[in-house]
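The residues making up each chain are set out below.
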Amino acid sequence: MADIAAAPRRRRRRPNLHLLVGGSLLGLFVALAVLGPTLAPYDPMAQDLFATMEPPTAAHWLGADQVGRDILSRIMAGTRYTLSIALASVAAAALIGVALGSIAGHFGGRVDRAVTGFVDLLLTIPNLVLAIAIASAVGSSPTGLTVAIAASFVPSIARLVRSRVLELREEDFVNAAVTIGMSPWRVLARHVLPNAISVIVVETSLLAGQAVLVGSALGFLGLGVQPPAPEWGAMLGASREALEIAPHLVMAPGLAISLLVFAFNTFGDGLRDRFDPNMQQR
Amino acid sequence: MDDVLAIEGLTVELDLSRGRFAAVRDVSLTVGRGEIVALVGESGSGKSMTALAVMRLLPEPPALIAAGAIRFRDKDLASAPEDVLAGIRGDRIGMIFQEPMTSLNPSMRAGPQVAEVLALHKGLDGKAARKRVEELFARVRIPDPARRFDDYPHQMSGGMRQRVMIAMAIACDPDLVVADEPTTALDVTTQAQILDIFRAFRDEDGRSTLLITHDLAVVAETADRVAVMYGGRIVETAPVERLFEAAAHPYTRGLIASIPNPDEDIETRGRLTEIAGAVPALWAMPKGCAFSPRCPRATPRCADEQPSSETIAPGHVVACWNREDAR
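Residues numbered from 1 in each chain as written. Chains lettered and ligands numbered in written order. Predicted model: local features only at pLDDT ≥ 70, side-chain atom pairs only at ≥ 80, totals over all residues. Heavy atoms only, no water.

In terms of regular secondary structure, chain B is built from eleven helices and twelve strands. The globule rule puts the C-alpha radius of gyration for 327 residues at 20 Å, and the 21 Å found for chain B is close to it. Counting all 327 residues of chain B, 54% fall into the buried class. Looking at chain B as shown, the accessible area adds up to about 14000 Å², and 50% of this sits on carbon and sulfur atoms. Charged side chains in chain B number 38 positive and 47 negative. The centres of these two groups are separated by 2 Å. (Helix = DSSP H or I, 4+ residues; strand = E, 2+ residues; numbered from the N terminus. Rg over C-alpha atoms; globule rule 2.2 N^0.38 Å. Buried < 20%, exposed > 50% of the residue type's maximum accessible area, 1.4 Å probe, protein only. Areas by Shrake-Rupley, 256 points an atom, 1.4 Å probe, with all protein chains shown as cover. Lys, Arg positive; Asp, Glu negative; His and termini not counted. Charge placed at Lys NZ, Arg CZ, Asp CG, Glu CD.)

What follows covers the overall build of chain A. Within chain A, the regular secondary structure consists of eleven helices and zero strands. Counting from the amino terminus, helix and strand elements in chain A follow one another as α-α-α-α-α-α-α-α-α-α-α. On the principal axes, the C-alpha backbone points of chain A span a range of 75 × 50 × 30 Å. Out of the 282 residues in chain A, the part that is buried amounts to 46%. In chain A, once contacts between residues fewer than 6 apart in sequence are set aside, the share between residues at least 24 apart is 74%. Counting every atom, chain A has about 14000 Å² of accessible surface; 67% of that belongs to carbon and sulfur. Taken as two groups, the 21 positive and 19 negative side-chain charges of chain A have centres that lie 13 Å from each other. (Contact = heavy atoms within 4.5 Å.)

Mapped onto this structure's residue numbering, the UniProt feature "domain: ABC transporter" (unreviewed entry) falls at residues 5-256 of chain B. The span residues 5-256 of chain B is 39% helical and 28% strand by assignment, and the distance between its end C-alpha atoms comes to 27 Å. (UniProt positions renumbered as here; feature names shortened; annotations may be inferred.)

So, about the UniProt feature "transmembrane region" (unreviewed entry) in chain A. Residues and elements named next belong to chain A. The UniProt entry lists residues 19-40, 81-103, 115-138, 144-161, 192-225 and 245-264 under the feature "transmembrane region" (unreviewed entry), expressed in the numbering used here. Here residues 144-161 is 100% helix and 0% strand, with 26 Å between the C-alpha atoms at its ends. Measuring from the first to the last C-alpha atom of residues 245-264 gives 32 Å, for a span that is 85% helix and 0% strand.

With 161 residues, the main nonpolar core has Leu5(B), Val12(B), Ile93(B) and Phe198(B) as its most contacted residues. Those residues within four positions of Leu5(B) in sequence are excluded, and the remaining contacts are Leu29(B), Thr30(B), Val31(B), Val54(B), Ile70(B), Arg71(B), Phe72(B), Leu176(B) and Leu210(B). (Core = buried A, V, L, I, M, F, W, Y, C linked by side-chain atoms within 4.5 Å.)

Taken together, the contacts link 26 residues of chain B with 18 residues of chain A. Three residues stand out in chain B for area buried against chain A, namely Glu116(B), Leu120(B) and His154(B), and they jointly supply 28% of the buried area on that side. At the boundary of chain B and chain A, one finds one salt bridge. A salt bridge links Glu116(B) to Arg190(A), with the shortest nitrogen-to-oxygen separation between them at 2.6 Å. Run the count over chain B and chain A and you get ten residue pairs in polar contact (both at pLDDT 80 or more). Sorting the residues of the side of chain B that touches chain A by element identifies helix 3 (110-122) and helix 6 (158-170) of chain B as the ones contributing at least two each. Per-element accounting of the side of chain B that touches chain A gives the leading share, six residues, to helix 3 of chain B. Classifying every residue of the side of chain B that touches chain A by side-chain character gives 13 nonpolar, nine polar and four charged. (Buried area = accessible area lost by both parts, 1.4 Å probe. Salt bridge = Lys/Arg side-chain N within 4 Å of Asp/Glu carboxyl O. Polar contact = N/O pair within 3.5 Å; in protein donor to acceptor, adjacent residues only side chain to side chain. Nonpolar A, V, L, I, M, F, W, Y, C, P; charged D, E, K, R; others polar.)

The next subject is the UniProt feature "domain: ABC transmembrane type-1" (unreviewed entry) in chain A. Listed under "domain: ABC transmembrane type-1" (unreviewed entry) in the UniProt record, and renumbered for this structure, are residues 79-268 of chain A. The annotated region residues 79-268 of chain A carries 81% helix and 0% strand content, and the separation between its end C-alpha atoms amounts to 20 Å.

All names here are of chain B. Structurally, the position occupied by Leu216 is in helix 8 (residues 216-222). We classify Leu216 as buried; its relative accessible area is 8%. Between the C-alpha atoms of Leu216 and Val40, which are 176 residues apart in sequence, the distance is 7.5 Å. Ignoring sequence-local partners within four residues, the contact set of Leu216 consists of Val40, Phe244, Leu255, Ile256 and Ile259.

Residues and elements named next belong to chain B. With respect to the element layout, Ile88 can be found in helix 2 (residues 82-88). By relative accessible area, Ile88 is classed as buried at 9%. For the pair Ile88 and Met55, spaced 33 residues apart in sequence, the C-alpha to C-alpha distance is 8.6 Å. Contact partners of Ile88, with chain neighbours within four places excluded, come to Phe72, Lys75, Leu77 and Ile93.

This part covers the pairing of strand 1 (residues 3-16) of chain B. For a regular strand, side-chain orientation follows a simple rule: the groups alternate between the two sheet faces. Residue and element names in this part refer to chain B. In terms of strand pairing, strand 1 meets strand 2 (residues 19-32) through ten bridges, oriented antiparallel. Within strand 2, the position partnered with Asp15 by the bridge is Arg20. Adjacent in sequence and paired antiparallel, strand 1 and strand 2 are bridged by two residues. Examined bridge by bridge, strand 1 and strand 4 (residues 63-72) share eight bridges and lie antiparallel to one another. Bridging from a neighbouring strand, Ile7 pairs with Ile70 of strand 4. (Pairing = 2+ DSSP bridges.)

Right, let's get into the pattern of salt bridges. Pairing of side chains with opposite charge becomes possible as their charged atoms draw close. Residue and element names in this part refer to chain B. Taken as a whole and judged by the stated rule, the model has 30 salt bridges over all chains. Its salt-bridge partner being Asp173, residue Arg207 comes within 3.1 Å of it at the nearest N-O pair. With Arg207 in the loop between helix 7 (188-205) and strand 8 (208-213) and Asp173 in the loop between helix 6 and strand 7 (176-180), the pair connects residues that are 34 residues apart, well separated along the chain. Since its relative accessible area comes to 7%, Arg207 is described here as buried. Judged by relative accessible area, Asp173 falls into the partly exposed class, the value being 45%.

Hydrogen bonds between backbone atoms are what pair the strands of a sheet, whose relative direction is either parallel or antiparallel. One open sheet accounts for four strands, arranged 2-1-4-5 (chain B); its pairing is antiparallel. On the outer flanks of this sheet lie strand 2 and strand 5 (75-76) of chain B, each paired with one strand and no other.

So, on to the side chain of Arg207(B). A distance of 3.1 Å separates polar atoms of two side chains, one belonging to Arg207(B) and the other to Asp173(B). Sequence-distant contacts of Arg207(B), defined by excluding residues within four places in its chain, comprise Gly34(B), Glu35(B), Ile170(B), Asp173(B), Pro174(B), Val177(B), Phe201(B) and Arg202(B).

Turning next to the sheet that holds strand 3 (residues 36-40) of chain B. Residues and elements named next belong to chain B. Pairing is mixed across the open sheet formed by eight strands, whose spatial order is 6-7-8-3-9-10-12-11. On the outer flanks of this sheet lie strand 6 (93-96) and strand 11 (309-313), each paired with one strand and no other. In this sheet, adjacent strand axes meet at a mean angle of 20° when their direction is disregarded. Two elements, strand 9 (residues 225-230) and strand 10 (residues 233-239), share six bridges in a ladder whose sense is antiparallel. Looking at the pairing, Val228 lines up with Glu236 of strand 10. Helix-sheet contacts for helix 6 involve strand 6 and strand 7, and the interaxial angle to strand 6 is about 165°. Of the strands in this sheet, strand 3, strand 9 and strand 10 are in contact with helix 10 (residues 250-257), which crosses strand 9 at around 105°. (Axes fitted to C-alpha atoms, helices over the stretch in contact; angles between N-to-C directions.)

What follows is the structure in structure tokens.
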């Protein structure tokens, strides 16, 4: 950790635009996920057949869909599906990935080979195939979708953590911890992982953006939350046939997805700028 | 004097891709209670490996203790199981490393890192641990211990961090401190202060120290007894005054002769003496005395036959066929 040693007493923190923009956008989405259905101007399920496929108007700001449901209300109410699937899958992937990667890197040898082999095996299963397999076995559900996304993210987190732990294993302070009689598990928990936390945080926030995309794509294919629930991917899928006569039907969920991905990615970039000493100069 | 540590015939082999080689050969060494023993040698002489072998910190494999015993508190550390070793490390033997800049966890405050040892071996935590750490900080002469407790390593100088490491090493009041080049990375002023601390440990607490160094100036200032290592073997052991007055091994003589003498006039003192050549590689060790290729007094016998150790004065043991007797 020569960089830290060489740094002045307090590193000067410039206001981080990425962190600010990404963070406030994310905050907005989280608020929507919690309060969405209450704030929505209409019941997201209520059909107003006189407004069928109506383009944006004063009454329906984002228009209405094929059965006259208010799109703005559906987007607002649907935030919780997309966001919770993304967060849950990334959290699960982080938990498993960090455990696998740190054990492989810290203990090395046969353990490392076994874990790395398992992770490589996981890498060969496309998330789409896994999602279909789960859906066909237990039916389409948000849980199945989450498991499929999580499984596809485990390898990248595990590999990242493993390489960081391998680096840290060579550090003097990790060896010093062994010389005071600490058990390997305790060394891992007290001295290795705390120094790997920044790469884990950055990677998971960037993966969360991807999880939104993958989740929406699988939802579009009908593998996750089932209509009529207002999940964005499912909304896209349902509007596909009306694409030519009512393009506003796909615009709204499409934009919502893009905005959420943008929020996660910007936030992740901001975190990286903050944590990664190599990215400081610009 | 009863011995705290007794290394007997220790041989450490390394399993490398080009074969197996002994990096430490038949090393015997004792450290008595309240004694500072220096283990001196140049890079590659096996001194650090010996120190790490005592703590059983060598990566096994590739390293392997092929023969010998490390006696410490009626146990043989050379064959002790890992859980016994973990109980001894940090509690009964404290270790200090060369690099204070990287030996502390950068993401943790200094005090809690020392407190960790106390929690591990003494079950001490919270306020009691903090109080003990502040006492330890004062003992290693860290000014304002209460404030330094909450400093991060990057807020400390190298000398300060080395004091923290020393505080960590003595936290559980160990029987033995193993210090591997503890002052090499520090400037001379700090170096003198750190050596002062080691001497105070010996004089006030009767603590035993195994000091690994390549610096004879450090040895002269600190140690009671000296063992000189070359090519994985101890070539000469002597009390410190005796060594500087009447070194009998040509290698030790060479080392002493290569210390610059500041009292000599710069105009007349001439070129600094050096020992020609370099330490032979592990796989190119001569059959006989490892120093024979560089030795000014070498005879054909030296290259063929390993010299036996002989006691030439009380506590003075030399392994050389053509030793230089006292002038």
